[in-house]
Structures are given as C-alpha cells and as structure tokens.
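Results of the structural survey
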Amino acid sequence: MTTIAPDLAGHGRPEALPGDNYLNHTRGFKSWAFTLDHKRIGVMYLVAVLVAFFVGGIFAMLVRTQLLVPEGALFVGSEHYKLYNQMFTLHGAIMIFLVLIPGIPSALGNFILPVMLGAKDVAFPRLNLFSFYLYVFGAIFAVTSIVLGAIDTGWTFYTPYSAQSETHVSLMVFGVFVLGFSSILTGLNFIVTIHKLRPPGMTWFRMPLFLWSTYATSIIQVLATPVLGITLLLLIMERVLKIGIFNSEYGGDPVLFQHFFWFYSHPAVYIMILPAMGVMSEVISTFSRKHIFGYRFIAMSSLGIAIIGFLVWGHHMFPNGQSTMLATIFSFLTMLVAVPSAIKVWNWLATMYKGSIWLQTPMCYALSFLFNFTIGGLTGVFLGTLSIDVHLHDTYFVVAHFHYVMFGGTLLGFMAGVHYWWPKITGRMYNETLGKIGCALVFIGFNTTFLPQFVMGSHGMPRRYATYLPVYQDYHVMSTIGAYIQFVGFALTAGYLIYSLFRGAKAPANPWGSATLEWACTSPPPHDNFKRPPHVGDPYDQSNLVWDDSLQGYVRDNRLAESYTTKTPIPRQAATGHQDPG
Amino acid sequence: MMNLWTLAQTDTFFLPPQASNLSHDVDWAWNVVLGVTGFFFVLVVVVMLLFVLKYRRRTPNDATPEITHNTPLEIIWTVVPVVILICFFFIGFKGYLNYDTPPTNAVVVDVTGQKWRFSFQYPNGGTSDILYVQKDVPVVLNLHSTDVLHALYIPAFRTQRNLIPFRTTNIWFIPEELSPKDGFPLFCTQYCGQDHSRMHSVVRVLDKKDYADAMAQVANPFKEKDGNTGKSRWIPYVELGHKLYEQKGCISCHTIDGTKGTGPTWKDLWKTDVQFAAPPGTAPLKASDSDANWEAYITESVLHPSAKIVQGFSDQMPSFESQFSPTAPKDEELRAIITYIKSIGNTHYTPPIPADSELYDADKHPDHHPEFTPEHVKAIEAAGGAAGNAASAPTTQNQ
C-alpha cells in the first residue's frame, strides 16, 4: 500500500454490529483457551482482574468492618488478630499483584494497544498467551496459599518476620514470583510491538498518549520486575534452606530486603499509575472534543517518571535507620518525581479549556481521577519532606495517601478505561444514568473512606492495627461507612455492566467521537482488527468527526478528512517505507 | 462525632499537641506544605469545575479551537513546581538533621522491643514497660530488637524510628510539656505479627520530683511508696508476680481466666498435666511431679521457650532471658512470677507470709524483702549494696 486508502478503512459507516468480529470469529472453549488473539487474551485478563478485584474488595470490607470498634468488631481477642492480619495482607497482596499491576496494561492494554497502534496483534502472540497462563498459575499459587494458611506478613513481606512466620509465605511468594514473569513478558511484548509493528504513518509522535504511557510502563516492568523475582527467590531459599540473607537470626540483613523490595515496588507504583494516566489523556481529550494540550510534555513526562521512578525507592525507609546521606538524596529525587505528574495535571486541565465537555461516565471517572490524584500526589509531598515523614511514616496518613494514588488514581483510571472501551470490547452500550450514579457513589464513598484517614494519621494512628485507641473511633467509623458506600457503587456498576452484555444497545463504531485508531474499526473489532493498515492521522484531531443520529455515534466526514490530510501531510518516508502486512 | 468535635476544640484539626522540641520544626514544615499544596489543590479543583460548567457540551458537534500546546506556559508550570519542591526538600532536610544530632548531655535509655512489648532500661539499671522522662531534660533512646522489626513512635514528640535486630538505632528529644495523667501514647508502627496492634505503651513526662520517685520505683521493683502517706512497703510475691505479669508483657499471650490465648493460660497451669507437641517424644509433665520439676519447667519456658511446645500451641514466644534469669539479681523476679502462677494454680496455695504481715512494712524492715531467699540476701550483702537498691544491683547489659 503506497497511497492512503480512499475508504479510510472503517472510517466510513460500518454496520452497528457486523457479522464477523473477534467474539464470534471462532467458537468453543478451545478457541478461547488456546487463542492467540490479543483481544481475547485481553478479555480473559479483564475477567480475571475483575474477579480478583471482587475478592480483594471483600477482604477490604472485612478489614473496615473489624475497625468499626476499637477492640475490633469481627476478630476479637488476641488469638483472632492473626485473622485480621491475614485479611489486610490478602487485601494488599491481591489488589497490588492481581489487580493494579496487570489491570490496565495486561487487560485493557492487551485489548487496546495493538488496535490503537493500527497493528493486527502484538509482536509475540504466543508469548502473550503464555503471559496470561503465568498470571493464572501465579494466581492459583496465591489462592492455594490462602486456602492452606493465608499469609500474615503484610503485602511487603518484610523480613525477618516473613522468614519466621508459620503461614504459607513460600507459596504466596512463589505465586508473586510467577506473576512477575507474566508482567515481564507482557512488558517485553509491548515494547517490541510498539517498536516494530507501527503501520505506515504511525510515527512516534503520532502515537496516542496511552501508548506512550504503556511504553514507559513496559520499560519499568522489564527492568524492575527481575529484581523482585530474585528477592523473592532469596526469601524462599531463606525459609526453606535457612540461608542467612535477610533474616538476622542467620546473620542476614533485614534492611537489605527492604532495599531490594522497594527497588522493584516503588517503580511498580508507576507501573500501576502510568497506564491510568494514559487512559486519562485519551478520555479527557475525547470528552472535551479537543486536541490534547502539550502532547510532547505529556509523552516525555511519562518517560521522565519511568526513569526518575527508579531512583526514589529509599523514601520508604526514611525512619528505618538508613544513613542521613541516603535519606537526603532519596528525598531530593522524590521531590523531582512529583514534577512530571504535576505537568500532566496542568496539561489535562488545559485540554479542557474551551472544550466541549461531555459528562459521560468515562469523563466522570476521569474528573474523579483528577480530584483524587491531585490529593494523592500533593499528600505525597508531605511524605517526601524528610522531617514530616518521620512523624507520618507508617500511620494512616500513608494509608490514605497511597489509596488516593492507587485507588483514586489507578483504579478510577481503570474504571474510566473500562467504561470508555466497554462499547469497543463488548459491542454493547451500558446504561449511562446508572453509570453516572455508580461513579458518584464510588467517588463519595472513596472520599468518605480516606479523607478521615489523613486526619487520624496526622494524629498518630498507626497502620496495620487490629485494635486501636478509642480516641480514633469516629474517624474509623466514618471510614467504614465510606467503604460500604463504595461497595454499593461497585455492586451497581457490576450490575449494569453485566446487564449490558445481554440487553445493552448495540454499540456504534465510535460512540464518543475519538480520533484514535481503535474507534476506526467496528465494535467489537473484527478478528484481524484492520483489513489493511489504517490511515493514521493526528490521534487528537476530532474536528472532522460528526455525530450521526441514526448510528448514535460519530463518523468521519470525508470532506473534512480530506482538508485535514492536506493540512498535515503524512511524511512520505513513513507512508511508503513499510510493507503492507495484510 | 464527640471526639471529632473535642479534637477540633482543643487541638489543631491535624496533628496532636506539641510536646517536644522536635514538634515545632515538624509542625512548621507541615503548615508550610499544607498551605502551599492546599492552594494548588483548590486551584486545580476550582479550574476544573469552572471549565466543566463553562465549557459543557451544547451540541455533539461543537467546534473547539485548535490549541495543541503553549511552550512558554508549559515551561512555567514545570519550573514553578520544581522550585517549590526544592524549597520543601530543604525544609525537610534541615528538620531531619535535627533528628540526627542528639545533645551530649542527654539521659540515655535503652529500649528493647520484642513481640509484643517495649522495655525501657534506665541508667540506674531499673526497667519499666512505660517510658518515664523528665520535662526539659534531653533523652536519647537507644533502640534494639530481640526478634523482628519494630518501630517506636511517639506522635506527641513527632518522632519515630525502627528497631532492627542486631543493630542499634536511636532517637532523641527534649520533652517540653508535662504529660496528662495517663501519658502520651507510644506505638509500635512497624508490623510485627499477631499482637502488633497491642504493642503500644505511654510516655510519662514528669517534673523533677515525680521523675526521681519514678526512678526509685523502677530501680527497686520489690518496694513501693505510697504517694499520699509516704510509707514504703515490700510487695508480696503473689501481688508482685501479677504486676510483673502485666509489666513484662506476659499478659499479651497468656490469660489468667482460663480462656485460650496465643500461649497456654496460666489459670490452673501449676500442677495440671501438660502434653508436649514438640520436640517429638517429650515426656508429658504430670501433676504428680515434684515442685522442683514444675519450677524448672516454668523457668525453662520463660528463658528458652522454644525448648518445649505445649500441645495445641505454636512456637511463637521470644526468649525472656534479658528480663529474667535463674541467678541473682533477676532470679527473685522470676520467683515472684512462679509464686503468682502457683497462687492461681491447680493446688491450694497459701503464701508463707500473710499479705498483711508487718514484715512487708519496708520502713520497719528496710533491709530486704521478706521473701528473698537466704542465698539472694547473702549475694546482696556480698555486693555491699544498700538495702533499698540491692535487689537490682547494676545489671549486666548484653543487648
């Protein structure tokens, strides 16, 4: 293909739900279990992640219910505190390793990344399926350890406690080790896909920002996760073979474990938040019907976060007896890593300026993200400031801070993404009114849960306490009520999403008026995504997309499209330099 | 909402009352950061809401201006946060150096953390489970852990640090406010297992006189001075044993009412048959075994708890060797514990000296506790110790 296709591959008026799509292309259990289609793998990830989210959420509810009264509402008496400790450990471990890390990159990313890029699949489809099964096996190990004797070490597995605990630490840790490989292989796959499978015209700076953020994420996954793998393997060796590495009983150094662990786990925070930031850039631009503001600054800030994010792990150890010099350096770098996030927030706000803001469910989640992530980011500054951190370390202030980033940020970003791409993935529209109510409940519930935690944290309430001093009770009660509101919000969301699968209106190809490539193919996409390499334009130019009432979606107005293509011609080299893979 | 209201009335909404020299710096930094970040938070939210209202969608095909970027603006909103954040860094850095520079004239208190209690040892050799400090006198806490990671955190003083096995860390502060009657809370903030949430204590900041009294009390746990009458008395072993049961942290795992805890209950423990799960093949201890056997078993369980594990329980208990010993001077405290266990045991136990005996009047019999063994009394005399403090002649410190 050497010229731009005149029919603009799918940009015309595709049928609402055409005959052949990835869902009905082949049938039967095996066609899913052995599929190499990135979309099906993405859907399977999505289901697995949502199941894990449900389980992790149940543990969260148990944790919050326990804390309704100072002496504990569920697990009363010393011998039952261990149960509470297991609950918060499982909540943390499941949410981090099974939900937040694979949530956006592996589930949404797998589905969206190749389509958005204009490719037929990821670079290594078999490796992709292998990643999924590694995820499943990792999850099975984790679940087995829960059944046999759930771990009570906290999700951080700090030594020497984790080396001595009588629960099934080795099994759980091995599960996380396997999950790590899943993460590495997915990252590797995405890096190669973005480097090698861009169609003609898809230059680096024409890539949607979701791809930039996924790219930055993948780099972290590939470089940081092996360190976690090694660390966890050493921990297993320590437990099984009694080799002294981290356990002081055998002459090991527990602080070394913390360095190794956070060398991965701090960058992992960015594995979680960066893809959500990518979703934000897509959603805010689309629902403001306006070009993203400061494309290059946003793209480069993603890479900036990925690089500086590797150098700040020590801020988890300010009061752990590391040297003053180290603490100073880590505090300084921690301050710097806040800057790229600030840049993104300003750019998103500027994108909304003079836009045409459409408050559909994905945008509601995006605005919630903006609100919560700003709180999460700014409270991180308190913790990065050395002297304040000494007071706040390991209190509920930290708990609230990371929930504002991980939940208010990543998870709401994930929710925005799920709602944004739901029509594309399933071919069905969900109920907008219920969507907005669900979003409002989650937003209100979330803030009711975690705002009081900042206050009680500043008053010194330590984290991971099964019981607490009565003076903190009011905050805890508020927090628990908030958690229940969230639960209602999520139950409602699950309800209307599942309902939409069966009874939802058929989705048009482009319901929101977005200019990125995944909206150029039908909903759901055909098995091969694109019959031929799609026309690649500016991913944030929605000016030539017009609303079609009969389709209940947007279509490209070719007249406007032509004027657009003459305005910014595709670089010749890029347009002709690639073979047509079709 | 009573607590929220009282908090808002009496304290600042955030942060507990200031009670140490360190708190001023931290609270100042907190206020600066809160002010600046609060301003930016309000700015972001107001702008966001303004845009949502002003630019809400009128028609699906609204024309929007093509604004792609504005480099000068973007450079401004990159550089301004950088400058502000570097200022924050310096504020925090300066405060942190403060934490790391204890004065040389400080009172040094050795703190030992173990699952799940703190023990504070003062320069006079006495120990306590709550921390006594004197107002306006600098204190350095040397922190040790005998088992897993712990952390010592005093919110009112704005300081915390981890306790790491086989390492010594320290914190220091100058208490500036007398504590309320029940003290300022002191927490373990590093997760340390089952009873982590019960590993908390209090700091009592006392004036000079009360501090001296407290020190005399911790130096001689056998003697007690009535604050009102000024009279001293020796504490009968049954009573002392119960006190040590609470102070030394036995209470966190062993109940005295027969309910199951992390460890076996002490009620009826004395002279009730015990089966052991580990090591395999350990002969059970019978009710009919001699007193000496039972005393040896309890002593072993305190000093080397992993040696025998009672059926139905797991190997959780840390060694209490640093608290008790079979030899002077700490053997008497161990004897008090054993006496206490006997008193709630499976046999009828009558203390050798009735609790109201005038032998316990320390003003009349200042030499030594009436229940000390003759060997112990001899050891005191040999050490030439003054009677009042002899019981805890300087202990060896092998942390």
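Residues numbered from 1 in each chain as written. Chains lettered and ligands numbered in written order. Predicted model: local features only at pLDDT ≥ 70, side-chain atom pairs only at ≥ 80, totals over all residues.

1. Let's talk about the overall build of chain B
Formally: Each helix is a run of DSSP H or I of at least 4 residues and each strand a run of E of at least 2, with the numbering of both proceeding from the N terminus. The globule rule is 2.2 Å times the number of residues to the power 0.38, and the radius of gyration it is compared with is taken over C-alpha atoms. Whether a residue is buried, exposed or partly exposed follows from its count of other C-beta atoms within 10 Å of its own C-beta, namely 20 or more, 12 or fewer, or something in between, respectively; the C-beta atoms are built from the backbone. Each residue is represented by a C-beta atom placed from its backbone, and any two residues with such atoms within 7 Å are regarded as in contact.
A count of helical and extended segments in chain B gives nine helices and 14 strands. Against the 2.2 N^0.38 benchmark of 21 Å for 399 residues, chain B shows a C-alpha radius of gyration of 29 Å, more extended than a compact globule. With the principal axes as the frame, chain B shows a C-alpha extent of 95 × 50 × 40 Å. The burial tally for chain B puts 38% of its 399 residues in the buried class. Taking as baseline every contact in chain B between residues at least 6 positions apart, the subset at least 24 positions apart corresponds to 65%.

2. What about the interface of chain B and chain A?
Note the threshold: Gly is placed with the polar residues, together with every amino acid not listed as nonpolar (Ala, Val, Leu, Ile, Met, Phe, Trp, Tyr, Cys and Pro) or charged (Asp, Glu, Lys and Arg).
If you look at the interface, chain B gives 82 residues, while chain A gives 78 residues. Breaking the side of chain B that touches chain A down by element, the ones donating at least two residues are helix H1 (2–10), helix H2 (21–54), helix H3 (71–99), strand E6 (150–154), strand E7 (159–163) and strand E9 (184–188) of chain B. A per-element tally of the side of chain B that touches chain A places H3 of chain B first, with 15 residues. Here the side of chain B that touches chain A is built from residues that sort into 46 nonpolar, 23 polar and 13 charged.

3. Overview of the sheet that holds strand E2 (residues 117–121) of chain B
Residue and element names in this part refer to chain B. As a reminder, the rule being used: In short, DSSP must find at least two bridges between two strands for them to pair.
Read across the open sheet, the five strands follow the order E3-E2-E1-E5-E8; overall the sheet is mixed. Of all strands in the sheet, those bounded by a partner on one side alone are strand E3 (127–128) and strand E8 (169–173). Direction of pairing for strand E5 (residues 139–145) relative to E8: antiparallel, over a ladder of five bridges. Paired with Val-140 across the strands is Trp-172, a residue of E8.

4. Brief notes about the environment of Leu-303 of chain A
Residue and element names in this part refer to chain A. Within the secondary structure, Leu-303 sits in helix H9 (residues 295–308). A count of 16 C-beta atoms within 10 Å places Leu-303 in the partly exposed class. When the C-alpha positions of Leu-303 and Trp-212 are compared, they lie 8.0 Å apart, and in sequence the two are 91 residues distant.

5. Regarding the nonpolar core
For clarity, the threshold we go by: As used throughout, a nonpolar core is a set of buried Ala, Val, Leu, Ile, Met, Phe, Trp, Tyr and Cys residues joined through C-beta atoms within 7 Å of each other.
Counting 239 residues, the largest nonpolar core has Ile-94 and Ala-366 of chain A together with Leu-152 of chain B as the members making the most contacts within it. Counting residues per element, this core draws most heavily on helix H3 (residues 78–117) of chain A, at 23 residues. Setting aside anything within four residues of it in sequence, one finds Ala-366 of chain A in contact with Met-280, Val-283, Ile-284 and Ala-416 of chain A. If you look at the next biggest cluster of nonpolar residues, it comprises 22 residues, including Phe-222, Trp-270, Leu-334 and Ile-341 of chain B.

6. Some words on helix H5 (residues 237–247) of chain B
Residues and elements named next belong to chain B. Regarding H5, the residues found buried are Tyr-237, Leu-240, Gly-241, His-242, Leu-244 and Gln-247. At its buried positions, H5 is contacted by helix H7 (331–343). One or two positions beyond H5, positive phi appears at Gly-249, with a value near 90°.

7. Some remarks on the sheet that holds E7 of chain B
Residue and element names in this part refer to chain B. Heads up, the condition is: Lines fitted to C-alpha atoms define the axes, with helix axes restricted to the stretch in contact, and inter-axis angles between N-to-C directions lie between 0 and 180 degrees.
Read from one edge to the other, the open sheet built from five strands follows the order E4-E10-E9-E6-E7, with strand pairing classed as mixed. Each of the sheet's edge strands pairs with one partner strand only, and the pair in question is strand E4 (131–134) and E7. Strand-to-strand twist in this sheet, taken as the mean axis angle between neighbours without regard to direction, amounts to 25°. Inspection of the sheet shows E9 paired to strand E10 (residues 200–206) by four bridges, in the antiparallel sense. Its bridge partner being in E10, Leu-186 is matched across the sheet by Ser-201. Set on the sheet, helix H4 (residues 208–219) makes contact with E4 and E10; between it and E4 the angle comes to about 145°.

8. Topic: the domain arrangement of chain B
Residue and element names in this part refer to chain B. Using the following cut-off: These domain limits were set by an automatic method or by a database of domain assignments.
When its domains are assigned, chain B resolves into domain 1 (107–220) and domain 2 (232–390). Centre-to-centre separation of domain 1 and domain 2, based on C-alpha positions: 25 Å. Mapped by element, the contributors of at least two residues to the side of domain 1 that touches domain 2 are strand E1 (107–114) and E2. Here the residues of the side of domain 1 that touches domain 2 sort into two nonpolar, six polar and six charged.

9. Let's talk about the packing of helix H2 (residues 38–66) of chain A against helix H15 (residues 473–503) of chain A
Residue and element names in this part refer to chain A. We apply this condition: Reported orientations rely on four angle classes, namely roughly parallel under 35 degrees, roughly antiparallel over 145, roughly perpendicular from 65 to 115, and oblique for the rest. Should the near helix be turned counterclockwise from the far one by less than a right angle, the crossing is left-handed, whereas a clockwise turn marks it as right-handed.
Following both chains from N to C, one finds H2 and H15 inclined at 155°, their axes separated by 9 Å at the closest point. The angle between H2 and H15 places the two elements in the roughly antiparallel class. Handedness of the crossing formed by H2 with H15: left-handed. Contacts between H2 and H15 involve Gly-57, Ala-60, Met-61, Arg-64 and Thr-65 from the former and Ser-479, Thr-480, Ala-483, Phe-487 and Phe-490 from the latter. The residue inventory of the contact of H2 with H15, partitioned by class, reads five nonpolar, four polar and one charged.

10. Section: the pairing of E6 of chain B
Residues and elements named next belong to chain B. Taking burial as the measure, the five residues of E6 include five buried ones, the bulk of the element. One ladder, built from five bridges, connects E6 with E7; its direction is antiparallel. Across the sheet, the residue bridging to Ile-154 is Thr-159, located in E7. Linkage of E6 to E7, two consecutive antiparallel strands, is achieved through a turn of four residues, within which Arg-158 is found at a positive phi near 60°. The pairing of E6 with E9 spans two bridges and is classified as antiparallel. By the bridge assignment for E9, Leu-152 is matched with Cys-188.

11. Remarks on H7 of chain B
At 3.6 residues per turn, the α-helix brings residues three or four places apart onto the same side. Residue and element names in this part refer to chain B. Where we set the bar: The span you would expect from a helix comes to 1.5 Å times its residue count less one.
End to end, H7 covers 18 Å across 13 residues, agreeing with the expected 18 Å (1.5 Å per residue, within 8%). Burial analysis of H7 places twelve of its 13 residues in the buried class, which makes it a mostly covered element. Along H7, the residues classified as buried are Glu-332, Glu-333, Leu-334, Arg-335, Ala-336, Ile-337, Ile-338, Thr-339, Tyr-340, Ile-341, Lys-342 and Ser-343.

12. Describing the confidence of the model for chain B
All names here are of chain B. For clarity, the threshold we go by: A residue's pLDDT is the predictor's confidence in that residue, given on a scale from 0 to 100.
Overall, the predicted model of chain B reaches an average pLDDT of 85, with 92% of residues at or above 70. Within the model, pLDDT remains below 50 along residues 5–9, and this stretch shows one contact once partners closer than five positions in the same chain are excluded. Low pLDDT, under 50, characterises residues 386–399; the predicted model gives this stretch 32 contacts beyond four residues in sequence or across chains. Note on the complex model: pTM 0.86, ipTM 0.89.

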